[in-house]
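An overview of the molecular structure
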Amino acid sequence: MAFRTPTIVRGVLVGLLLSALPFACAACGSDASEPLSGMVRTPKLHVGSVHLSDVAVTDTGSPFTIRARPGGLLLVYFGYTTCPDLCPTTMAAIRSARAELGQDAQRVDVAFITVDRTRDTPQVLRAFVGKFVSGAHLLRPANAAQLAVAQRAFLVTANEQPGGSIDHSSTVAAIDASGTVLLEWPFGISAAAMTHDLRVLLKQVAT
């Protein structure tokens, strides 16, 4: 009899597997008095050449480059709106972390990249992501090839399963204005830990 690992457990396993990949101690790249909870990849990923369509405002979308605004951060998450557990849990953590930042939340943008273009229409994306973050970039790849390019850049995966569910990586990437991934949080990171890391990173990218 076939056995499938529950989605939320798969997310935890993905996080554990990522921690075994080429990531350095997060504290090593920061002030020793301010260790980070997230993971720093060595060498760091550069995703500033990835361009996707942002459908946050119009159904036709507008070009968006995966880079933060100068002096700020961009949090990028790959997911889909009918995800039963990983996506809402992660988006809720992002919402809580940004709320704890107070005024500094204005320097932290969010981009949600759908791995389910067929079902995630612009209207559906706005309704789902809007429950967690207002003003987020809603990135909808034009086709499977464009999604694959973005996934390769971030070293993430997404595989559709029978019944319509999608097994996907569930990390959140913090990116600077050059398109460099500064830090990655695995599934299950607490909002408090994310908030702390964001405060440290915002000091680093301040202009």
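Residues numbered from 1 in each chain as written. Predicted model: local features only at pLDDT ≥ 70, side-chain atom pairs only at ≥ 80, totals over all residues. Heavy atoms only, no water.

**As for the packing of aromatic side chains**
Within this structure, the stated rule accounts for four aromatic pairs. Where Tyr77 meets Phe112, the ring centres are 6.1 Å apart and the plane angle is 50 degrees; that geometry is what we call tilted. Taken together, the residues span a long stretch of sequence, with Tyr77 in strand β5 (residues 73-79) and Phe112 in strand β6 (residues 108-114) at a distance of 35 residues. When sorted by exposure, Tyr77 lands in the same class as Phe112, which is buried. Ring pairing ties together the aromatic residues Tyr77, Phe112, Phe128 and Phe132, which thus form one cluster. (Phe/Tyr/Trp six-rings, centres within 6.5 Å; stacked < 30°, edge-to-face > 60°. Helix = DSSP H or I, 4+ residues; strand = E, 2+ residues; numbered from the N terminus. Buried < 20%, exposed > 50% of the residue type's maximum accessible area, 1.4 Å probe, protein only.)

**Re empty space enclosed by the protein**
Evaluated as defined, the whole model comprises one cavity of 30 Å³ or more. Taken as a whole, the largest cavity holds about 50 Å³ of empty space. What lines the largest cavity is Val76, Phe78, Phe154, Val156, Ser169, Thr171, Val172, Ala173 and Glu184. Of all the secondary structure elements, the ones that give two or more residues to the lining of the largest cavity are β5 and β10 (172-175). Among the residues making up the lining of the largest cavity, the classes are represented as six nonpolar, two polar and one charged. (1 Å grid on protein atoms, 1.4 Å probe; cavity = no way out; pocket = protein on both sides within 12 Å on 5 of 7 lines; lining within 4 Å. Points joined across faces, edges and corners; volume = space filled by probe spheres on them. Nonpolar A, V, L, I, M, F, W, Y, C, P; charged D, E, K, R; others polar.)

**A word on unusual backbone geometry**
With an omega of -5 degrees, the peptide bond running from Thr42 to Pro43 counts as cis. With respect to the helices, strands and loops of the structure, Pro43 is situated in the loop between β2 (40-41) and β3 (51-54). Notably, Leu155 is not glycine yet its phi reads approximately 55 degrees, a positive angle. Relative accessible area serves as the criterion here: at 49%, Leu155 is assigned to the partly exposed category.

**Focus on helix α2 (residues 86-100)**
One full turn of an α-helix is made of 3.6 residues, so residues set three or four places apart face in the same direction. The terminal C-alpha atoms of α2 lie 21 Å apart, and with 15 residues this matches the ideal 21 Å at 1.5 Å per residue to within 8%. Among the residues of α2, those classed as buried are Leu86, Cys87, Thr90, Met91, Ala93, Ile94, Ala97 and Arg98. Along the axis of α2, the buried residues cluster in a sector spanning 155 degrees; they form a single face. Every exposed residue of α2 that faces more than 90 degrees away from the buried side is listed here: Ala99 and Glu100. Gly102 lies just past α2 and shows a positive phi near 65 degrees. (Expected span 1.5 Å × (residues − 1). Arc of directions from axis to C-beta.)

**Some remarks on the nonpolar core**
In this structure, Ile66, Met91 and Phe154 are the most contacted members of the largest nonpolar core, which totals 61 residues. At seven residues, the largest contribution of residues to this core is made by helix α5 (residues 191-205). (Core = buried A, V, L, I, M, F, W, Y, C linked by side-chain atoms within 4.5 Å.)

No statement about biological role is implied by the geometric values presented.
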